[in-house]
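# Tertiary structure, described
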Amino acid sequence: MNNYAVRLWEAKEWESYVNDLLRLKHGTENYIPIPDGDGGDGGIEGYSLNGNAYQSYCPDEYCRPAELAEKQIKKIRTDIFKFINNESKLKKLLGNTKIKRWVLMVPRHQSKELVAYATKKTAEVVSKNLSYRSEEHTSELQSPIR
């Protein structure tokens, strides 16, 4: 384990923190959070008007690296499925915004397998030719807590 303390986040606390960070990064007027309480969020926590879609995830308990990667990969699988299969919902939410990057915001990641899986899912999304996907595309993991 690293020489720093690992903070344990509750899922809703992490989601709120991520939304606050994204408002700071993009500006309140350029970041649109998507509440999930009324029929789901379509696989995104929110998006920026410059084409970044964000999803947050953290387990409620400490996990060893392999278990953490497994849970994060499952989150990517589930939410990319939603991102692909909720086209009518997402078109309504996004309007004219085209998504070029889908970002999973996590407190920490410790597995190259997670990065490889995100790259694989990028290729899958690109192959679907979604109407709300930008021709410029990437996927990434962001871990704002060091």
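Rules and cut-offs
- Residues numbered from 1 in each chain as written.
- Predicted model: local features only at pLDDT ≥ 70, side-chain atom pairs only at ≥ 80, totals over all residues.
- Heavy atoms only, no water.
- Helix = DSSP H or I, 4+ residues; strand = E, 2+ residues; numbered from the N terminus.
- Buried < 20%, exposed > 50% of the residue type's maximum accessible area, 1.4 Å probe, protein only.
- Contact = heavy atoms within 4.5 Å.
- Areas by Shrake-Rupley, 256 points an atom, 1.4 Å probe, with all protein chains shown as cover.
- Phe/Tyr/Trp six-rings, centres within 6.5 Å; stacked < 30°, edge-to-face > 60°.
- Disulfide = S-S within 2.5 Å.
- Salt bridge = Lys/Arg side-chain N within 4 Å of Asp/Glu carboxyl O.
- Pairing = 2+ DSSP bridges.

## Digging into the overall build of the protein chain
- The number of helices and strands found in the protein chain is four helices and five strands.
- Its helices and strands in sequence order give the protein chain the pattern α-β-β-β-α-α-β-α-β, from N to C terminus.
- In the protein chain, buried positions account for 42% of the 146 residues.
- Of all intrachain contacts in the protein chain linking residues separated by at least 6 positions in sequence, the fraction that spans at least 24 positions is 71%.
- Within the structure as shown, the protein chain displays about 8,200 Å² of accessible surface, and the carbon and sulfur contribution to it stands at 50%.

## A few points about the packing of aromatic side chains
- Enumeration according to the criterion identifies five aromatic pairs in this entry.
- Judged by centre distance (5.0 Å) and plane angle (70°), the ring pair of Trp-9 and Trp-14 falls under edge-to-face.
- Their ring planes at 65° and their centres at 6.2 Å tell us that Tyr-31 and Tyr-54 sit as a pair that is edge-to-face. Here Tyr-31 is found in strand E1 (residues 31-33), whereas its partner Tyr-54 is found in strand E3 (residues 52-56), with 23 residues between them in sequence.
- Since its relative accessible area comes to 2%, Tyr-31 is described here as buried.
- A relative accessible area of 1% places Tyr-54 in the buried class.
- Ring pairing ties together the aromatic residues Trp-9, Trp-14 and Tyr-17, which thus form one cluster.

## Brief notes about the state of the cysteines
- Per the counting criterion, the structure on display carries zero disulfides.
- Its sulfur unpaired, Cys-63 is 9.7 Å from the next cysteine sulfur, which belongs to Cys-58.
- For Cys-63, a relative accessible area of 0% corresponds to the buried category.

## Focus: the pattern of salt bridges
- Scanning the model with the defined rule gives eight salt bridges in all.
- A salt bridge links Lys-12 to Glu-15, with the shortest nitrogen-to-oxygen separation between them at 3.0 Å. Here the residue Lys-12 and the residue Glu-15 both occupy positions in helix H1 (residues 11-26), the gap between them amounting to three residues, near one helical turn.
- Owing to a relative accessible area of 16%, Glu-15 belongs among the buried residues under this scheme.
- Measuring nitrogen to oxygen at the nearest pair gives 3.4 Å for the salt bridge that ties Lys-82 to Asp-79. One end of the pair, Lys-82, and the other, Asp-79, are both in helix H2 (residues 65-85), three residues apart, so they sit about a helical turn from each other.
- With relative accessibility at 32%, the residue Lys-82 sits in the partly exposed group.
- By relative accessible area, Asp-79 is classed as buried at 0%.
- One network of salt bridges, in which partners are shared, links Glu-61, Glu-67 and Lys-71.

## Observations concerning the pairing of E3
- Across the five residues of E3, five count as buried, placing the element largely inside the fold.
- Because side chains alternate across E3, one face comprises the buried residues Asn-52, Tyr-54 and Ser-56, and the other comprises Ala-53 and Gln-55, equally buried.
- When strand E2 (residues 46-48) meets E3, the two strands line up antiparallel, connected through two bridges. Bridged to Gly-46 within E3 is Tyr-54.

Read these as geometric descriptors, not functional statements.
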